[in-house]
Amino acid sequence: MAMRRTILVVLLLGALGTVAHAQPPPLAFGVLNQQSPTLTAERWNPILQYVGTAAGVALRLRMGRTVDETDEMMGRGELDFVFTNHNFQSEYERIGFRVIARWGGEPIRSVIVVAADSPVRQLKDLAGKKVAFPSREAFVAYAVPLVALKTAGVTVEEVLAGNQDGALAQLKAQQVQAAAVNSRFLKQYAEREAVTFRQIYLSDPYPDLAVIAHPRVPAATVDAVRKALLGMKSDPAAAALLERVKFTGFEPATDRDYDGVRRIYRQIGQ
Amino acid sequence: MTPSLRALVLGVTSVALVTVMGGGLLVDLRQRVKGAQVRLDEDSQRLAAGTLPLLVDAFVVGDLATAEQILRRVNAGGVWRRVQILEPRGSRVVLDASPAAERASNAPEWFRALLTIKLPVHRHVIKVDPVVYAVLVVEASAAAVERDLWAQARDMLLITVVLLGTLLVVTGTILTRGLRPLRTLAERATRLGRGDLSARMPDTRLAELAPTVAAFNSMAASLEQLLAEVRAKEAANRRLAAIVEQSEEAIFTVALDQRITSWNRGAELLFGWPADAALGRALDTLFAPDAGTRDRQVARLLATRPPERVETTALPVRTPPVPVVVASSPLAGEDGAQIGHIVVVRDITARKRAEQEMQQARERAEEGSRAKSEFLATMSHELLTPMNGILGIAQLLDATPLTAEQRELLDTIERSGEALLQVINDLLEISRIEAGQVQVEARAFELRGVVADSVKPFVLPAQHKKLAVTVAVAPEAPARVVGDPVRLRQVLVNLVGNAVKFTERGEVAVTVETTDHGEDGVDIHARVRDTGIGIPADKLSMIFEVFTQADSSLTRRYGGTGLGLAITARLVALMGGRAWVESELGRGSTFHVTLRLGRA
């Protein structure tokens, strides 16, 4: 038994070694912390393997422990590709990321929900109440609802829950009176957790997060990756994968598609 | 060195208990080790399974420091001894407890050596499909298990030691108390051996020792009794030996080959041999040979069964031969078998001399008596002749005319003469009897007639004294018998005459009975009973002696020679009978005569 285990470890490490040394270093594909790293990896590792294979480049998921860390990694140029929209904040505009695709499906909206039996009916009812946000770096889950609250003249007590699931978990646990989240995550969370929330605010639609490429990445590589991303939804080989990760596939997008996002960021000073 | 039963029992018990308990502890420990091994494996797996999800986040974000922190934190309980992370960039040992840290389990080295715990090593792949981030290799730590097992084993060891100690103390106490009687027994046995026969064991309640105690006490009692008997016998033997040694008689023993084996002082005195010179000598050198033969009477005596006495002559070494009587008896050994003879030799010189003197005296007396009888017979005859002459002349004178005075004088002469004649006749009779001149006849006669004739002469004198005289012969008595009727009548006459003479009032009764009727004869028993003056008790034994009356004054008062009863007794003796008297002074006497008479 011990012998077999030893062989297994050697083979496994051999495989890792192959990845590490036999091929050129993989390109870093950053993903914004919308979920825990594990859940993120569970979704993105199969996608990146598919895309990498299809594009002929090795891609490796990279992310920080927090949104800030991931943003810092992005800012330091450690990421070749990034799935985010934080690059539209003014501080990252100078890097020159290029939008090559966006997350498919319905456009995302900001949603403020309360418990089904909550007396809160409208935004002004939240004045002085605790409202959970994933983080201050979140776009539809922070920037958009914050603008809406400011517009409504309501000031709330912000509770930062780390990510989308955390914000909804706080509401479910009645630690806060409301939670501001991405509409896509709300739907997934409600289905997963079998819980019903009442929506008191729904924003305008915004394009979902974009896949952007660092300007240093060669154009051919970027094109190959773009093609692979956009080809997923029509590739039968990716159907099972998309089904497993509950994803419809990437859509074409351009930098101008995110002007609304830039505007919101600018409204809150980012 | 004498082995101690207590030490032996305690030692064997200790070894057995230590072996059994130690074996039990080892078996138990093995089981516990197996259980612990399984638990260790499960704990390690469970901890790893629980930790992996925590690690994935860190590996996804490439935060190995956090991963290490997580691993150290979850291993706070020390489940793992070594944790290693294998990743493409190389391996990293996150945790590796030093041997010293492992020994911090506080279990001693020897105990750990006993356990032989196999430390499970598990490998867990940290991945999020399809990406493998790292392999986590964890090696379980035995420290906690060893600590737990040591704590359990220590408790069990402690309990075992306490139990063992208690058991040994209890066993030791029981043995000490149980062996106490044995020590007492040894002490009593020593006392007994030193002569204290009163040493006894106290009773014990221990069933195992009670028979031993009883046996010892019984043995001691038997010894005491036996020794007392032996001492008593020794004392008796010493007394006997002293008696034998100091005896005036010569007492010695000879072996079966008739060589002397012991020799007392009496023998030294008699034979003149000191003991050391006498021992070993042949018996026949002590005595003179028989006249005419060279046989030794004593040697023959020893061979005679049963032994008899023999008179012979001893040969002292320095003095003249001595007449002796020799007696012997067999000398038996311890087993009862004869080992020799006891010989007792008595000097009979004095007896021989006395016998010789007595024989000479008897011969002289017999000669004197014969001469006296012959003299008396002769002299009586010489007296009788003139007395008959005197009485005959007196009768002739009585037939002549005499004056009254002359007739009275003549009567006196006749009574005196008759009295003198009676005296002479009695003297003659006794003399003849003592001279052996009286022969008893054996002829048939009428028994009743002789009895009646004996009484007749006294009927008239009795009537004068108003005495009743009765005669009774038993009906079963034979009519005719064979004997000497004259002597029988003489005997009865003497007795009836005495009875009438010494009785003043009352009666005189004569009875004759037969006591035994045989084929060849009949025993008769004649009694003559009177109610007379009686005889004093101290005179009864001499009443039948010659010239004896109970009271010498009686002769003067009642007359007679005093020879009547002596003649009677001698006549009865001549006829083979016996005469005796029963009497009570003042109340009367009964004279008895028994005779054996033949059948006619």
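Fair warning: this is a prediction, and the values are worked out from it, not measured in the lab.

A. How the structure looks around the overall build of chain A. Across its full length, chain A carries nine helices and 11 strands. The buried share among the 270 residues of chain A stands at 43%. Within chain A, residue pairs in contact and separated by at least 24 positions form 80% of the contacts whose partners lie at least 6 positions apart.

B. Highlighting the overall build of chain B. Along the backbone of chain B there are 16 helices and 16 strands. Counting only residues that meet the buried cut, chain B has 25% of its 600 residues in that class. Taking all contacts inside chain B whose residues are at least 6 apart in sequence as the whole, residues at least 24 apart take part in 61%.

C. Layout of helix α6 (residues 183-193) of chain A. Residue and element names in this part refer to chain A. Along α6, the positions that sit buried rather than exposed are S183, R184, F185, L186 and Y189. The elements touched by buried residues of α6 are β5 (110-115), α5 (164-172) and β8 (178-182). Positioned one or two residues after α6, A194 has a phi angle of 55 degrees, which is positive.

D. Region of the structure containing the packing of helix α1 (residues 5-61) of chain B against helix α2 (residues 64-74) of chain B. Residue and element names in this part refer to chain B. Relative orientation of the contacting elements α1 and α2 amounts to 160 degrees, with a least axis distance of 8 Å. With respect to each other, α1 and α2 are oriented roughly antiparallel. The handedness of the crossing between α1 and α2 comes out as right-handed. Along the contact surface, α1 presents L47, T51, L54, L55, A58 and F59, while α2 presents L64, T66, A67, I70, L71 and V74. Here the residues of the contact of α1 with α2 are counted per class, giving 10 nonpolar, two polar and no charged.

E. The sheet that holds strand β4 (residues 98-103) of chain A, seen in detail. All names here are of chain A. The strand order across the open sheet built from six strands is β2-β1-β3-β10-β4-β11, with neighbouring strands paired in mixed fashion. Two strands close off the open sheet at either side, each with one partner strand: β2 (59-62) and β11 (250-251). With four bridges joining them, strand β3 (residues 81-84) and strand β10 (residues 210-213) adopt antiparallel strand pairing. Opposite F81, over in β10, you have A213 as the bridge partner. Here helix α7 (residues 219-231) sits on the sheet in contact with β3, β4, β10 and β11, set at roughly 15 degrees to β4.

F. Examining the sheet that holds strand β7 (residues 157-160) of chain A more closely. Residue and element names in this part refer to chain A. With mixed pairing, five strands are arranged side by side in an open sheet as β7-β6-β8-β5-β9. Taken across any chain shown, the strands that pair with only one partner, and hence form the sheet edges, are β7 and β9 (197-202). Taking the axes of each pair of neighbouring strands and ignoring which way they run, one obtains an average angle of 30 degrees across the sheet. Of the strand pairs in this sheet, strand β6 (residues 130-133) and β8 are connected by two bridges, and their pairing is parallel. By the bridge assignment for β8, V131 is matched with A178.

Cut-offs used in this document
Residues numbered from 1 in each chain as written. Chains lettered and ligands numbered in written order. Predicted model: local features only at pLDDT ≥ 70, side-chain atom pairs only at ≥ 80, totals over all residues. Helix = DSSP H or I, 4+ residues; strand = E, 2+ residues; numbered from the N terminus. Buried ≥ 20, exposed ≤ 12 C-beta atoms within 10 Å, placed from the backbone. Contact = placed C-beta atoms within 7 Å. Axes fitted to C-alpha atoms, helices over the stretch in contact; angles between N-to-C directions. Parallel < 35°, antiparallel > 145°, perpendicular 65-115°, else oblique. Left-handed = near helix turned anticlockwise from the far one by under 90°. Nonpolar A, V, L, I, M, F, W, Y, C, P; charged D, E, K, R; others polar. Pairing = 2+ DSSP bridges.

In short, the description is geometric, and any link to function would need to be established separately.
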